[in-house]
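Per-entry structural report
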Amino acid sequence: MSLNDNLLGIPPTHLADDPAPREALAAGTDPAQVAAAYPASSLPWAVLAEQALDAGRTVEGYAYARVGYHRGLDALRRSGWRGQGPVPWAHEPNQGFLRALAALARAAGAIGETPEHERCRTFLADCDRSAVATLGLG
């Protein structure tokens with residue numbers, strides 16, 4: 001049994017694939033344009049958050065991450081998620097939400113919002129422990 005085995009017996013949540021935002025970003029389209037065209041997708045919001053955080057624009061990154069996180073929660077709930085259980089990183093459509101969650105943890109930590117940083121990091125680990133290290137929070 002590995003660390004990522006589902007001990008709760010709750011089936012993993014796999015978000016529906018929406019390749020258009022991913023393809024637009026891969027083609028080099030400005031993430032702000034992708035977010036405007038596909039506002040329900042977590043992925044462009046996560047990319048915007050990561051870019052802002054990497055550039056030292058912490059509050060802006062926090063805001064983008066918060067939007068991506070909430071868009072992802074909406075999508076998870078539509079996919080049958082009930083507030084617990086795995087959200088595997090290996091399922092590519094889940095990665096936008098997980099990236100937004102990790103960016104929110106980073107931004108919260110950067111502004112000294114320690115309880116939010118820890119909550120988001122724990123949530124990410126609960127979704128998929130491998131995502132914590134993959135996304136630089138491990």
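Up top is the structure.
We now turn to the structure provided with this report. Residue indices begin from 1 for each chain and proceed along its sequence in written order. Given that this is a predicted model, residues contribute local features only at a pLDDT of at least 70 and side-chain atom pairs are listed and counted only at 80 or more, while totals for whole chains, interfaces and linings are drawn from all residues. By convention in this description, side-chain values take in all heavy atoms of the structure and omit both hydrogens and water.

Here we come to the overall build of the protein chain. A tally of regular secondary structure across the protein chain gives seven helices and zero strands. Every radius of gyration here is taken over C-alpha atoms, with the globule rule written as 2.2 Å times N^0.38, N being the number of residues. Taken over the C-alpha trace, the protein chain has a radius of gyration of 14 Å; the compact-globule value for 138 residues is 14 Å, and the two agree within 12%. Based on the C-alpha atoms only, the size of the protein chain along its principal axes is roughly 40 × 35 × 20 Å. Exposure categories follow from relative accessible area, calculated using a 1.4 Å probe and restricted to protein chains: below 20% of the type maximum is buried, above 50% is exposed, and the middle band is partly exposed. Going through the 138 residues of the protein chain one by one, you find that 43% of them count as buried. A separation of at least 24 residues holds for 59% of the contacts in the protein chain among residues at least 6 apart in sequence. Throughout, the Shrake-Rupley method with a 1.4 Å probe supplies accessible areas, and for residues the shown protein chains are the sole cover considered. Of the roughly 7,100 Å² that the protein chain leaves accessible, carbon and sulfur atoms contribute 53%. Neither His nor the chain ends is counted toward charge; the positive residues are Lys and Arg and the negative residues Asp and Glu. For the purpose of locating charges, the reference atoms are NZ of Lys, CZ of Arg, CG of Asp and CD of Glu. Computed over 12 positive and 15 negative side-chain charges, the separation of the two mean positions in the protein chain equals 4 Å. Runs of H or I in DSSP of at least four residues are treated as helices and runs of E of at least two as strands, each being numbered from the N terminus. In what follows, residue pairs with any heavy atoms lying within 4.5 Å of each other are defined as contacts.

Once that is clear, we can look at the pattern of salt bridges. Salt bridge, as used here: a side-chain nitrogen of Lys or Arg that lies within 4 Å of a carboxyl oxygen of Asp or Glu. For the structure shown, the criterion picks out seven salt bridges. With its nearest N and O atoms 2.5 Å apart, the salt bridge here joins Glu50 to Arg99. With Glu50 in helix H3 (residues 42–54) and Arg99 in helix H5 (residues 95–110), this pair connects stretches of sequence that are 49 residues apart. Given a relative accessible area of 17%, Glu50 falls into the buried group. You can call Arg99 partly exposed: its relative accessible area is 21%. Put simply, Asp17, Arg22 and Glu92 are held in one network by salt bridges that share partners.

In this section: the packing of helix H1 (residues 19–26) against H3. Axes, fitted as lines to C-alpha atoms, cover a helix only where it is in contact. Angles between the N-to-C directions of the axes lie from 0 to 180 degrees. One can describe the packing of H1 onto H3 by two numbers: an axis separation of 8 Å at closest approach and a directional angle of 35°. Of H3, the residues touching H1 (which contributes Pro21, Arg22 and Leu25) are Leu43, Pro44 and Val47. Each residue gets one label: Ala, Val, Leu, Ile, Met, Phe, Trp, Tyr, Cys and Pro are nonpolar, Asp, Glu, Lys and Arg are charged, and the others, such as Gly, are polar. Partitioning the contact of H1 with H3 into residue classes produces five nonpolar, no polar and one charged.

Any Phe, Tyr or Trp ring, taking Trp's six-membered ring, that has another such ring centre within 6.5 Å forms a pair; planes under 30 degrees apart are called stacked, those over 60 apart edge-to-face, and the others tilted. What the rule picks out here adds up to five aromatic pairs. Between the aromatic rings of Tyr69 and Phe97, the centroid separation amounts to 6.1 Å while the plane-to-plane angle is 25°, which identifies the pairing as stacked. Taken together, the residues span a long stretch of sequence, with Tyr69 in helix H4 (residues 58–78) and Phe97 in helix H5 at a distance of 28 residues. One exposure class covers both Tyr69 and Phe97, and it is buried. Judged by centre distance (6.3 Å) and plane angle (90°), the rings of Tyr69 and Phe123 are edge-to-face.

With 14 residues, helix H6 (residues 114–127) ought to run about 20 Å at 1.5 Å a step, and its terminal C-alpha atoms sit 20 Å apart, in line with that. What H6 keeps buried is the set Glu116, His117, Cys120, Phe123, Leu124 and Cys127. For H6, the buried positions fall inside an angular range of 135° around the axis, keeping them on one side. Across H6 from its buried face, at more than 90 degrees, point the exposed residues Pro115 and Asp126. Looking at the buried residues of H6, the elements they touch are H4, H5 and helix H7 (129–134). A helix is expected to span 1.5 Å multiplied by its residue count minus one. As used here, the arc belongs to the directions running from the helix axis to the C-beta atoms.

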